[in-house]
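# Examination of the molecular architecture
Chain residues, written in single-letter form:
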Amino acid sequence: MAELESTILDAALHVFSRYGVKRTSMSDLCEVASVSRQTLYNHFRNKDDILRGLIKRYTDLALAEIHADLQAANSLGARLDLIFDRMVVRGYDTIQTMPNAQDFIDGVNAVSEEALQQSAERFRAVIFDTLVPHAQVFSKRGLDVAELSDFVQRAAKTAGMTARDRADLIQQLVTLRQLCTTAASQPEADPTENKEG
């Protein structure tokens, strides 16, 4: 992403979070970003484009951090914690600092369905890549990795939207991680099974 676009998006996030999407004008964005109207319109046609740009940038940055740190995470649980932190917790924390958080959320949801879907798909792919080494064990438990990845991504995002507070969010994500790690653990042999011999 070009430096100027990044500057505009930084300014937009600041202004949207402070005043809300509805009350922010393109002139406000120009003033805070210190760019001319023409420069702003050369990069973003309207606030909807800016909101889509914010979603894409958040996703790009989160995925870059996940990829950079994933190898150091030495277990499935640690990898899921990393993904959940970058995918959900950091966004939740950012939203909690916004005076006009609901207006920002409503603005994003109203104009950016396609961008949100693309973001969800990219996170789902990372979750799939994280779970696929355990596909054989999941299969023994009747779980399909693609379906499980979709469920985990949706459950984590829903937790971020519905949590009563940060502690509740973390507990929901811990539970989701525990469900995945338990399902990925090798089933113990049943001592009552007949053994061929």
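Just so it is clear, the structure is predicted and the values come from calculations on it, not from any experiment. (Residues numbered from 1 in each chain as written. Predicted model: local features only at pLDDT ≥ 70, side-chain atom pairs only at ≥ 80, totals over all residues. Heavy atoms only, no water.)

### A closer look at the packing of helix H5 (residues 76-96) against helix H10 (residues 166-184)
Angle between the axes and distance between the axes: these two values describe a pair of packed helices. The condition that has to hold: Between N-to-C directions, angles cover 0 to 180 degrees, with each direction set by a line fitted to C-alpha atoms, over the stretch in contact for helices. Working definition: helices are DSSP H or I runs of at least four residues, strands are E runs of at least two. Numbering for both runs from the N terminus. Comment on the angle field: the value is read as roughly parallel under 35 degrees, roughly antiparallel over 145, roughly perpendicular from 65 to 115, and oblique elsewhere. Handedness of each helix crossing follows the sense of rotation of the near helix against the far helix: counterclockwise by less than a right angle gives left-handed, clockwise gives right-handed. Here, residues are in contact when the closest pair of their heavy atoms is within 4.5 Å.
Their axes nearest at 10 Å, the elements H5 and H10 cross at an angle of 155 degrees. What the angle tells us is that H5 and H10 run roughly antiparallel. Both H5 and H10 take part in a crossing whose hand is right-handed. Facing Leu76, Gly77, Leu80, Asp81, Phe84, Val88, Val89, Tyr92 and Asp93 of H5, the residues of H10 in contact are Arg166, Leu169, Ile170, Leu173, Leu176, Arg177, Cys180, Thr181 and Ala184.

### Here's the deal with the UniProt feature "domain: HTH tetR-type" (unreviewed entry) in the protein
Using the following cut-off: UniProt positions are given in the numbering used here, feature names are shortened, and annotations may be inferred rather than shown by experiment.
Per the UniProt entry, the sites bearing "domain: HTH tetR-type" (unreviewed entry) are residues 2-62 in this numbering. Along residues 2-62 one finds 79% helix and 0% strand; the C-alpha atoms at either end are 18 Å apart.

### Observations regarding unusual backbone geometry
Here is the rule: Each residue is assigned to one of three classes by its accessible area relative to the maximum for its type, calculated with a 1.4 Å probe on protein chains only: buried under 20%, partly exposed between the two thresholds, exposed over 50%.
Although it is not a glycine, Ser34 sits at a positive phi angle of roughly 55 degrees. With respect to the helices and strands, Ser34 occurs in the loop between helix H2 (26-33) and helix H3 (37-43). Accessibility expressed as a relative area gives 65% for Ser34, which makes it exposed.

### Here's the deal with helix H4 (residues 47-70)
The criterion, for reference: Helix span is expected to be 1.5 Å times the residue number reduced by one.
For H4, spanning 24 residues, the distance from its first C-alpha to its last is 34 Å, which sits close to the expected 34 Å at 1.5 Å a residue. Buried residues along H4 sit against helix H1 (3-19), H2, H3, H5, helix H6 (101-111) and helix H7 (113-131).

### A short note on the nonpolar core
Quick reminder of the rule: Definition used in this section: a nonpolar core is a set of buried Ala, Val, Leu, Ile, Met, Phe, Trp, Tyr and Cys residues joined via side-chain atoms within 4.5 Å.
Ranked by size, the top nonpolar core spans 30 residues in total, and within it Ile66, Phe84, Leu131, Leu169 and Leu173 carry the most contacts. At nine residues, H5 tops the list of elements feeding residues into this core. Leaving out residues up to four positions away in the same chain, Phe84 has contacts with Val89, Val152, Ala156, Leu173, Leu176 and Arg177. In terms of nonpolar packing, the next biggest core, distinct from the first, is built from 24 residues, Met26, Leu29, Met98 and Val108 among them.

### Observations regarding the environment of Ala125
Relative to the helices and strands, Ala125 resides in helix H7. Taking relative accessible area as the criterion, Ala125 reaches 35% and is therefore assigned partly exposed. Between the C-alpha atoms of Ala125 and Val137, which are 12 residues apart in sequence, the distance is 19 Å.

### A short note on the side chain of Asp49
To keep it simple, the criterion reads: Pairs of N or O atoms within 3.5 Å make up the polar contacts considered here, provided that, within protein, one atom can donate a hydrogen while the other can accept it, and that residues adjacent in sequence are counted only when both atoms are side-chain atoms.
As for its position among the elements, Asp49 is in helix H4. Of the polar contacts made by the side chain of Asp49, one reaches the side chain of Arg45; its length is 2.9 Å.

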